[in-house]
Amino acid sequence: MHTIKVLLVFFKLGFFAFGGGWATVRLLQEELVVKGGFLTQNEFADLISISQITPGPVAVNMATYIGMKLGGTLMAVFCTLALAAAPLIILYFLRWFSGWFGAFISPVRLDRALNFGAVVLVSGAALSVAESLRPDVGAVLLGSLAFFVIRRFQVSPILMLITGGILGAFFLRG
Amino acid sequence: MFVNGEKKQHLFERIKGLSRIFFAFSWVSLVALGGGYSMLSVYRHELVRLKIVSDPGEVLDAIARAQSLPGPIAVNFAAVMGKKLGGFSGLLTAVSGVVIPPILVIITLGKLLLKYREVEYLSGFLYGVRIVVVAMLASLVLDMLKRYRRSNWEYVLLVLAVVALIFDVPGVPVFLAMVLIGIFWRRVEE
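Remember, it's a predicted structure, so these values are computed and weren't measured experimentally.

Focus on the interface of chain A and chain B
Tallying the contact residues gives 93 residues for chain A and 87 residues for chain B. At the junction of chain A with chain B, the criterion picks out three salt bridges. Across the chain A-chain B interface, the total number found is nine residue pairs in polar contact (both at pLDDT 80 or more). Among the secondary structure elements, those contributing two or more residues to the side of chain A that touches chain B are α1 (2-16), α2 (25-35), α3 (41-52), α4 (58-102), α5 (107-130), α6 (137-152) and α7 (157-171) of chain A. A per-element tally of the side of chain A that touches chain B places α5(A) first, with 22 residues. Per-class residue counts for the side of chain A that touches chain B are 58 nonpolar, 23 polar and 12 charged.

Following this line, the structure appears as structure tokens:
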């Protein structure tokens, strides 16, 4: 019974993960940390970090990890499949609605409105991760340095993240 | 007899095609680290290089369609592109190609993480990555805001919505409210 409940959570998440990627992080935190209690806040933040430097979207990585933690390898596979099922189903049903939807609202206006909502969700993702940071000098320094470098220079995200990790391993332990 | 042989030949070709799709997609899934939108350019480049698609424009079309679907964009893209390449079996092949490498990586890393959580260098590393993630997200929010010109009232609303999130109002209602306001707002102005 518990197994099915967990699978349903991921199945549902697949449908609600608008915009994919960062927009979903807040939602993942609500469902997996607060409501589900599958992960601690720290594990959650660690998984987000890990999923930035490994293949696969955040949600997929979390489904695999939680499945593994709760019931081993097979469960990990099933949780991930439950998450991936939604796009496949929607792909079939959406085309019936797309024409109907387009009659009411222009694609550009819809995109603008979705962008409006997505800004909030991505800010929410930043909050979800930031909540687990210690508000000390080290975090503020590294954070502002990273922000400065990202805005000023074209640096590959992976390189940035790994540099941040190495700095963290040496200066921000404990 | 002859017909049977031809059928076998056909089946063989089909399996060959599908396994090419599978390996191409698991390859891109492995190389495109980090997920999200940054990987889509890698997808385009690699799928053309591996001669899975001949026209980069085809990939762009699939990306545009994938973005309109809920769910992780990489999975959506594989679904759309796989369907175009080989029907429903192509779709399943591409999606499993995209999903299997991350599953293997996370199962391995996850086991290590559960075992070595307490090692200070590892937790320090992950903590450092976390900080950079927050900085990247802040920068992403700025970029998203720049995509459309917005009025001061819209900025006030955005701030209010973020404050609501800080006070633990669930994300989905806030998101839907913002999208509805976004749609309605333009109506009023026009």
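After that view of the structure, there is still more to cover.
Brief notes about the packing of aromatic side chains
Summed over the entire model, instances satisfying the criterion amount to four aromatic pairs over all chains. Taken together, a centroid distance of 6.1 Å and an interplanar angle of 75 degrees make the contact between Phe170(A) and Tyr121(B) edge-to-face. Taken together, the positions of Phe170(A) in helix α7 and Tyr121(B) in helix α5 (residues 120-146) put the pair across two chains. Here the basic side chain of Arg134(A) rests over the ring of Tyr127(B), its NZ or CZ set 4.1 Å away from the ring centre.

Overview of a nonpolar patch on the surface
Nonpolar side chains collect at one region of the surface, where Ile162(A), Ile166(A), Leu167(A), Phe170(A), Phe171(A), Leu109(B), Leu112(B), Tyr116(B), Val119(B) and Tyr121(B) lie side by side and expose about 920 Å² of accessible area between them. For the nonpolar patch, the elements supplying multiple residues, two or more each, are α7 of chain A together with α4 (73-116) of chain B. With five residues, α7(A) is the single largest residue contributor to the nonpolar patch. Using a relative accessible area of 44% as the deciding quantity, one classes Tyr121(B) as partly exposed.

Here's the deal with the environment of Phe22(B)
Here Phe22(B) lies in helix α1 (residues 2-31). Excluding its chain neighbours within four sequence positions, the residues that come into contact with Phe22(B) are Thr93(B), Ser96(B), Gly97(B) and Ile100(B).

Thresholds applied
Residues numbered from 1 in each chain as written. Chains lettered and ligands numbered in written order. Predicted model: local features only at pLDDT ≥ 70, side-chain atom pairs only at ≥ 80, totals over all residues. Heavy atoms only, no water. Contact = heavy atoms within 4.5 Å. Salt bridge = Lys/Arg side-chain N within 4 Å of Asp/Glu carboxyl O. Polar contact = N/O pair within 3.5 Å; in protein donor to acceptor, adjacent residues only side chain to side chain. Helix = DSSP H or I, 4+ residues; strand = E, 2+ residues; numbered from the N terminus. Nonpolar A, V, L, I, M, F, W, Y, C, P; charged D, E, K, R; others polar. Phe/Tyr/Trp six-rings, centres within 6.5 Å; stacked < 30°, edge-to-face > 60°. Lys NZ or Arg CZ within 6 Å of the ring centre and 35° of its normal. Patch = residues over 30% accessible without salt bridge, like charges linked within 9 Å, V, L, I, M, F, W, Y side chains within 5 Å. Areas by Shrake-Rupley, 256 points an atom, 1.4 Å probe, with all protein chains shown as cover. Buried < 20%, exposed > 50% of the residue type's maximum accessible area, 1.4 Å probe, protein only.

Nothing here speaks to function; it is all geometry.
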